[in-house]
Amino acid sequence: MSNLFDPTPGQDYGFCRTCSKPMPTEADKNQHWASPESQGHTIHVQNQPRPTRIRDHIQQGVDDAMSSFYSEMDSLIAQGHLTEEEASSAMKTAFVDVADGWDEYSNDN
């Protein structure tokens, strides 16, 4: 397995933008936020764990696909192939589950 989504070794999870305190791990961030003297502090995350990086990559792909889909629907509406109401109604009844779709795709390939 590649290390594409692995965090950078030796780099802190993040740091507090308010007080500049380093946050070596996500647990350190949570502890910092939990302390009364750190209420309102903001954390800059610079080295997320692998599962978070994978989730963010997948979310970006879904966001990009949805943006492309919406653009296509907008064009079809502008060309008079369907109304915005028809598109909206159909979208509300469509069932979209990315995980189920992946299972179907991977089973077919």
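Here, every reference points to the structure presented above.
The sections below set out a description of the structure shown in this document. Please read these numbers as outputs of a predicted model, since none were measured by experiment. (Residues numbered from 1 in each chain as written. Predicted model: local features only at pLDDT ≥ 70, side-chain atom pairs only at ≥ 80, totals over all residues. Heavy atoms only, no water.)

**Comments concerning the environment of Q60**
Part 1: Take Q60: it is sitting in helix α2 (residues 50–78).
Part 2: Given the relative accessible area of 43%, Q60 is considered partly exposed.
Part 3: Spatially, the C-alpha atom of Q60 lies 25 Å from that of S89, the residues being 29 residues apart in sequence. (Helix = DSSP H or I, 4+ residues; strand = E, 2+ residues; numbered from the N terminus. Buried < 20%, exposed > 50% of the residue type's maximum accessible area, 1.4 Å probe, protein only.)

**Considering unusual backbone geometry**
Part 1: The residue S20 is not glycine, and still its phi comes out positive at about 65 degrees.
Part 2: In this fold, S20 is placed in the loop between β1 (14–16) and β2 (22–23).

**Some thoughts on the environment of W33**
Part 1: Within the fold, W33 resides in helix α1 (residues 26–34).
Part 2: Not counting chain neighbours up to four residues away, the residues in contact with W33 comprise Q39, H41 and I43. (Contact = heavy atoms within 4.5 Å.)

**Topic: the state of the cysteines**
Covalent bonding between the sulfur atoms of two cysteines defines a disulfide.
Part 1: Per the counting criterion, the structure on display carries zero disulfides.
Part 2: No disulfide involves C16; its sulfur sits 3.5 Å from that of C19, the nearest cysteine.
Part 3: Overall, the relative accessible area of 0% leaves C16 in the buried class. (Disulfide = S-S within 2.5 Å.)

**Here we look at the sheet that holds strand β3 (residues 43–45)**
Part 1: Read across the open sheet, the three strands follow the order β2-β1-β3; overall the sheet is antiparallel. Every interior strand has two partners, whereas the edge strands, β2 and β3, have only one.
Part 2: Sheet topology note: the β1/β3 ladder contains three bridges and is antiparallel. Considered in β3, the bridge of C16 is made with I43. (Pairing = 2+ DSSP bridges.)

**Structural notes on the packing of α2 against helix α3 (residues 84–93)**
Part 1: Taken N-terminus to C-terminus, the directions of α2 and α3 make an angle of 145 degrees; their axes are 9 Å apart at the nearest point. Facing α2, whose interface residues are F69, Y70, M73 and I77, α3 presents E84, A87 and M91.
Part 2: The class makeup of the residues in the contact of α2 with α3 is six nonpolar, no polar and one charged. (Axes fitted to C-alpha atoms, helices over the stretch in contact; angles between N-to-C directions. Nonpolar A, V, L, I, M, F, W, Y, C, P; charged D, E, K, R; others polar.)

Read these as spatial facts, not as claims about activity.
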